[in-house]
Structures are given as C-alpha cells and as structure tokens.
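Summary of structural features
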There are 2 protein chains.
Amino acid sequence: MKNALIIVAGGIGKRMGTTIPKQFLRIHDKPVIIHTIEKFLLFDPKIKLIIVINPDFKKVWDNIINQYSLPAGYEVISGGDKRFHSVKNGLSLIEENCLVGIHDAVRPLVSVESIFKIYSHAAVHGNAVPAITVKESVREINNSGSKIVDRTSLRLIQTPQVFRSDILKKAYEQEYKDEFTDDANVVEKTGIIIHLVPGDPYNIKITGKEDFDAVKKLI
Amino acid sequence: MKNALIIVAGGIGKRMGTTIPKQFLRIHDKPVIIHTIEKFLLFDPKIKLIIVINPDFKKVWDNIINQYSLPAGYEVISGGDKRFHSVKNGLSLIEENCLVGIHDAVRPLVSVESIFKIYSHAAVHGNAVPAITVKESVREINNSGSKIVDRTSLRLIQTPQVFRSDILKKAYEQEYKDEFTDDANVVEKTGIIIHLVPGDPYNIKITGKEDFDAVKKLI
C-alpha cells in the first residue's frame, strides 16, 4: 500500500497573524515544518505529501518552498475552522488504497524509527496511534480541590496517527463534534478499535515559547 | 519560617548497582544532584539541606562532596525500602516550624522561579505542589483496547512539593500504603487539601537514558 501524509500546519500562532506561526519559524536556519517533513522523506522519499496551511500564511509558505525542494506531487491545501476540517480538506486529496499518516507540523522531533513502526503497525491493523506512559503522578482537579488518579492505565497520545485510507475517509464523513480533538477520536466513533504503539517521550509538540526553546536545543 | 529541603537521591539505577545511578552522573562535569541542589541554594543559601542516599553509594557521594562545597549544616541519611521510608528518614532530621520541600535529585532543571513560587505558596496555604496541564490527548487502556479521557481536569504532578513541617510530620506517622507514590498522596490521606500551583513543563525527571540525554542538552 502506498504511503501518504497529511501535515497539519494550519495554526496561526498565538498573536493572530502579528507574528509568524511556530511551524514556519527557523531552527538552525531551517523552518520547523521542513525539519518535520524531512523525517518522513527519510522514511519514504516517495510518500504522497499533503500540507494543510492557513491561507493567510500562503506567502510565508511560498517563500519557504522557494528555498527547499519537496518531492514531486506534493500538494498544498487550505485549512478549515477546526483541526477536523483541516484534516478533512487534506483527505480530499488522498487517493484510495493507501496508508495515511496525519502529523502536526510542530512536532519536528519525531524519529524516523517511530514513523517506520507506526506505518508498519497500521499496515497490519488498519490503524496505529503512538502513545506514551505517564511517569508523573496524576491528579484530577474538582470543585473541592484535587484527587489522585491511577496513572498506570493512562496514555498520552501523539502523532503521526496512521490509518488505512478507507477507514479514515469513512470516519471523516461524520458531522464535526467538539470531542474530535484528534484523528483517533474521529475514527473510534465509527466503531474501530484504536491500536496504540509505543511513542517517543521527546516527540514534543511546539505550542509555547518554552517548547520552541527546548526543541531548538534538542533538534 | 525557616526553609528546609529533603533531596531524595536513594535510587540505585536500573542495573542494581552495576552502574552509577543517574543522580550521580555528570553533566558538563558536574553531578546531576549538584546541579539540582545549586538551584535551591540560589533560592535560599541558608536552606536546611537533608540528602537521602542509598548506603551502597556512600562512597560515590563522599567522592562528590570532596569536590563541591555544600552549605554548613547539611546532613546525609540513608534511604529506606520505598520512597515513603526515605522521606520519613529525612524528615527525622527536620526541626519544628519550618517549610519542608521534598525534591527528586534527578530533576536538575527545576527553575529558581518555580522553587520561590512553591515555597511562597506553601507559606500561605500550608502546602504547595507543582502541577502542569496535559497538552496531549489522553487515553485509558482497558481489556478491549482504549478509550478517550477528558484531559482538561487532569494535571501531571512534579516536585518540589512543599509542606509545613507539622503537617508533613503528622502525615508520615501513617503506616505505609502502596498508593503513597508521592508526598501529596501521603498528606492528603490525613484530610489536608492539596494546593496545586503551576509547574514548569521542562522540570524533567531523569528516569531513562533518553531523559538524561535530553537534560544534558537542556541544562
């Protein structure tokens, strides 16, 4: 089965357009999103690549793509209102009979080994989602304070999440719900059992400045 | 109220004594535990310092302390069977009417700002425990697979956890229970409400080699 990848890069940064979103910022002179994409090209140089961006940052993207060459056949599409709609837009460009990974542009530290493992597992089980155990104590806050939660059965979920295209396309025919914060949730709603595979604790998602600074040192 | 600190450094490393435990390994030519202690000395150079170590590594510790000067009055005591017993041993050296922090030796990235904030909060409320929100999706594994968990009310708990000495000493009079994985749990069992304060996402606990490698780059 052919490999495909939807890179979700629709974020507009915290200051709503007054600064460049983190996926386009440079680390060692290369934009975060290019670091991210290069990991997948090491896994499969012929991967079908769909990049979902916010149209407000089309110029920023065009400027990047003039400096870095992506493999033939990559496509760029505009994001939607929520992550759900962005992925759905990207999915419209995905052909039948492939394995589709969905990955956050702001996770450049994903390892090639992890990518290989997740796609391989999805090829067998129809889907694969990276998850890590929780090594901190966990508490649940409530009106009267907080209480301890047993962490042993909890897992933190990452990307890339990989699905057979038929499963993913069917799932994205659903109406949007607020609980659709990631693709596993969308697919699970159609009755599919999600297969978790061990993720990498340092596959960090850059959301705040402290993440950006940490990734800069770790990359 | 005087500040005190129990540094829990009783870990013996994964290979049960055949290698040096991570708190004694060097980063930039200085043992992890010294990096950690120095953060607290920046907060309060006169902090009463109790270090709990495993007696098997007394020689390693003695070798370290010959090279780095700790403030007068610091004490070293042997750890016990579980973390609970180690803290209890350390607590036996703590006098009345102070604020006692308990901190993992393997968390050298704790910031001086966080330490200040946690002790200040404990001075007002009797206790303070650092907690961070969860930015990944969370799943709970079960016999049939896994299901999504609402992450909004979950918090990941870190150290230093700081308590008024009377509250902590009373809590540690209890018999040991398996659920006593951190000090907040022990204190909570005596009916005290735990006060959470925002922690720092990069106050990393070194447990595996990947953590050590990451902290080395981040320190």
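Residues numbered from 1 in each chain as written. Chains lettered and ligands numbered in written order. Predicted model: local features only at pLDDT ≥ 70, side-chain atom pairs only at ≥ 80, totals over all residues. Heavy atoms only, no water.

A tally of regular secondary structure across chain A gives seven helices and twelve strands. In terms of C-alpha radius of gyration, chain A reaches 17 Å, essentially the compact-globule figure of 17 Å for 219 residues. Roughly 9,900 Å² of accessible area belongs to chain A as shown, and the carbon and sulfur atoms make up 52% of that amount. Averaging the coordinates of the 30 positive side-chain charges in chain A and doing the same for the 26 negative ones gives two points 4 Å apart. (Helix = DSSP H or I, 4+ residues; strand = E, 2+ residues; numbered from the N terminus. Rg over C-alpha atoms; globule rule 2.2 N^0.38 Å. Areas by Shrake-Rupley, 256 points an atom, 1.4 Å probe, with all protein chains shown as cover. Lys, Arg positive; Asp, Glu negative; His and termini not counted. Charge placed at Lys NZ, Arg CZ, Asp CG, Glu CD.)

What follows deals with the relation of the copies chain A and chain B. Of the transformation placing chain A onto chain B, the axial shift is 0.0 Å and the rotation is 180°, giving an RMSD of 0.0 Å. Here the two chains are linked by the operation of a two-fold rotation axis. Closest to the rotation axis within chain A is the C-alpha of Lys217 of chain A, separated from it by 3.0 Å. (Least-squares fit on C-alpha atoms with pLDDT ≥ 70 in both.)

Residues and elements named next belong to chain B. Listed as buried for helix 2 (residues 58–65) are Trp61, Ile64 and Ile65. One side of helix 2 carries all its buried residues, which in axial view fall inside an arc of 90°. As for helix 2, its buried residues are in contact with strand 3 (30–31), helix 1 (32–43), strand 4 (48–53) and strand 5 (75–78). (Buried < 20%, exposed > 50% of the residue type's maximum accessible area, 1.4 Å probe, protein only. Arc of directions from axis to C-beta. Contact = heavy atoms within 4.5 Å.)

Residue and element names in this part refer to chain A. The N-to-C vectors of helix 1 (residues 32–43) and helix 4 (residues 112–125) enclose an angle of 60°; their axes lie 9 Å apart at closest approach. As the angle between them shows, helix 1 and helix 4 are arranged oblique. Considering only the axes of helix 1 and helix 4, their crossing is right-handed. Here Lys39, Phe40, Leu42 and Phe43 of helix 1 come into contact with helix 4, specifically with Val112, Ile115, Phe116 and Tyr119. Each residue belonging to the contact of helix 1 with helix 4 can be placed in one class, and the counts come to seven nonpolar, no polar and one charged. (Axes fitted to C-alpha atoms, helices over the stretch in contact; angles between N-to-C directions. Parallel < 35°, antiparallel > 145°, perpendicular 65-115°, else oblique. Left-handed = near helix turned anticlockwise from the far one by under 90°. Nonpolar A, V, L, I, M, F, W, Y, C, P; charged D, E, K, R; others polar.)

Taken residue by residue, the interface counts 39 residues in chain A and 39 residues in chain B. The interface formed by chain A and chain B contains six salt bridges. At the junction of chain A and chain B, the tally comes to 22 residue pairs in polar contact (both at pLDDT 80 or more). When contributions to the side of chain A that touches chain B are tallied by element, the ones reaching two or more residues are strand 8 (137–142), strand 9 (145–149), strand 10 (154–157), helix 6 (183–188) and helix 7 (209–218) of chain A. For the side of chain A that touches chain B, the residue count by class is 17 nonpolar, nine polar and 13 charged. Pairing analysis gives four bridges linking strand 8 of chain A to strand 10 (residues 154–157) of chain B, with the strands arranged antiparallel. Note on strand 10 of chain B: the bridge partner recorded for Glu140 of chain A is Leu154 of chain B. (Salt bridge = Lys/Arg side-chain N within 4 Å of Asp/Glu carboxyl O. Polar contact = N/O pair within 3.5 Å; in protein donor to acceptor, adjacent residues only side chain to side chain. Pairing = 2+ DSSP bridges.)

Residue and element names in this part refer to chain A. Within the secondary structure, Lys22 is located in the loop between strand 1 (2–9) and strand 2 (26–27). We note that Lys22 is buried and unpaired, the nearest opposite charge coming from Asp211 at a distance of 7.8 Å. Ignoring anything within four residues of it in the chain, the contact list for Lys22 reads Val32, Val106, Ile206, Thr207, Gly208, Lys209 and Phe212.

Residue and element names in this part refer to chain B. By the bridge criterion, four bridges tie strand 6 (residues 98–104) to strand 11 (residues 161–164) in an arrangement that is antiparallel. Note on strand 11: the bridge partner recorded for Ile102 is Gln161. Two elements, strand 7 (residues 127–133) and strand 11, share two bridges in a ladder whose sense is antiparallel. If you follow Ala128 over to strand 11, its bridge partner there is Val162.

What is shown is where atoms sit, not what they do.
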